[in-house]
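Spelled out from the first residue to the last, the chains are:
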Amino acid sequence: MDRTQSRSDGSPVPAIAAALRRERERAGISLAELARRAGIAKSTLSQLEAGNGNPSVETVWALGVALGVPFSRLVEQPPPAVRVIRAGHGPGLRSQQAEFTGTLLAAGAPQVRRDIYLIELEPGQVRDAEPHIPGSVEHLVVAAGRLRTGPAADPVELGPGDYVTFPGDVPHRYEALAPGTFAVLVMEHP
C-alpha cells in the first residue's frame, strides 16, 4: 500500500469525538468557548463532537492546546494487550498544509506523558506546527528519506538514522527533502 493513501483499519474520528466531549466537559467549558480558544468554527467543533467530519492534524492540535492536553489524548483508542500496527496502516491524520500524515503508534500512560508517532512526509510543502503545551519536547529519528525539522528559527537537516530533539512548545516545522520520507517522533509532555 502507498504510504500516503488513507488508512484502511479504522478512522480515528469516533475516538476524537468521545475525547473532545470528555476533555471539554472535564475543563468545564462550552462548545463556543473551546471553539474560540482553538480558533475554529463552533459548527466545526459541534460536528467533530458528533463524530462527523474529517479533522486535520492542525485542528486536533489546536483543540489539544486549547484544552491543555496532549494531541494523543484526543486521538488514542483503548489498546489491546498485544498491539501491532503494520506499515502503511493505522489511524492517520493528514495535514492541510503539506503532504504530511501523523499516525499515533502509542500514547503514554498518564504518569508517563510520552507519545510515539510515525510521521510521513512528501516534498513540496512545509508543515509549520504551532507550539504544543508548555514544556513539550520532541525527539525524532528519520527512518527513510531526508527531512528538515526543528524550531522554525533554527531547523536542521537529517537523513536516515539521524536523531534530533528540540522544544515542542515553540513554533517548529517539518519539511521533506526526498520522496518517501518517514520518521518516528516521540513527544514528551510535562
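Residues numbered from 1 in each chain as written. Predicted model: local features only at pLDDT ≥ 70, side-chain atom pairs only at ≥ 80, totals over all residues. Heavy atoms only, no water.

### Considering the packing of helix α1 (residues 13–27) against helix α3 (residues 42–49)
Contact pair α1 / α3: the axes reach a minimum separation of 7 Å and the direction vectors enclose 115°. With respect to their mutual orientation, α1 and α3 come out roughly perpendicular. Contact residues: A17, L20, R21 and R24 in α1; L45, L48 and E49 in α3. The class makeup of the residues in the contact of α1 with α3 is 4 nonpolar, no polar and 3 charged. (Axes fitted to C-alpha atoms, helices over the stretch in contact; angles between N-to-C directions. Helix = DSSP H or I, 4+ residues; strand = E, 2+ residues; numbered from the N terminus. Parallel < 35°, antiparallel > 145°, perpendicular 65-115°, else oblique. Contact = heavy atoms within 4.5 Å. Nonpolar A, V, L, I, M, F, W, Y, C, P; charged D, E, K, R; others polar.)

### Points about a nonpolar patch on the surface
Among the surface-exposed residues, V141, Y163 and V184 lie close enough to one another that they form a single nonpolar patch of about 240 Å² accessible area. With respect to the helices, strands and loops of the structure, V141 is situated in strand β5 (residues 137–144). (Patch = residues over 30% accessible without salt bridge, like charges linked within 9 Å, V, L, I, M, F, W, Y side chains within 5 Å. Areas by Shrake-Rupley, 256 points an atom, 1.4 Å probe, with all protein chains shown as cover. Salt bridge = Lys/Arg side-chain N within 4 Å of Asp/Glu carboxyl O.)

### What to know about the packing of aromatic side chains
Throughout the structure, instances matching the rule amount to 3 aromatic pairs. Judged by centre distance (5.4 Å) and plane angle (40°), the ring pair of F100 and Y174 falls under tilted. Of this pair, F100 sits in strand β2 (residues 100–107) while Y174 sits in strand β9 (residues 172–176), and the two are 74 residues apart along the sequence. Exposure class is identical for F100 and Y174. Each is buried. An aromatic cluster of at least three residues, connected via ring pairs, comprises W61, F71 and Y117. Over the ring of F100 we find R127, and its NZ or CZ is 5.2 Å from the ring centre. (Phe/Tyr/Trp six-rings, centres within 6.5 Å; stacked < 30°, edge-to-face > 60°. Buried < 20%, exposed > 50% of the residue type's maximum accessible area, 1.4 Å probe, protein only. Lys NZ or Arg CZ within 6 Å of the ring centre and 35° of its normal.)

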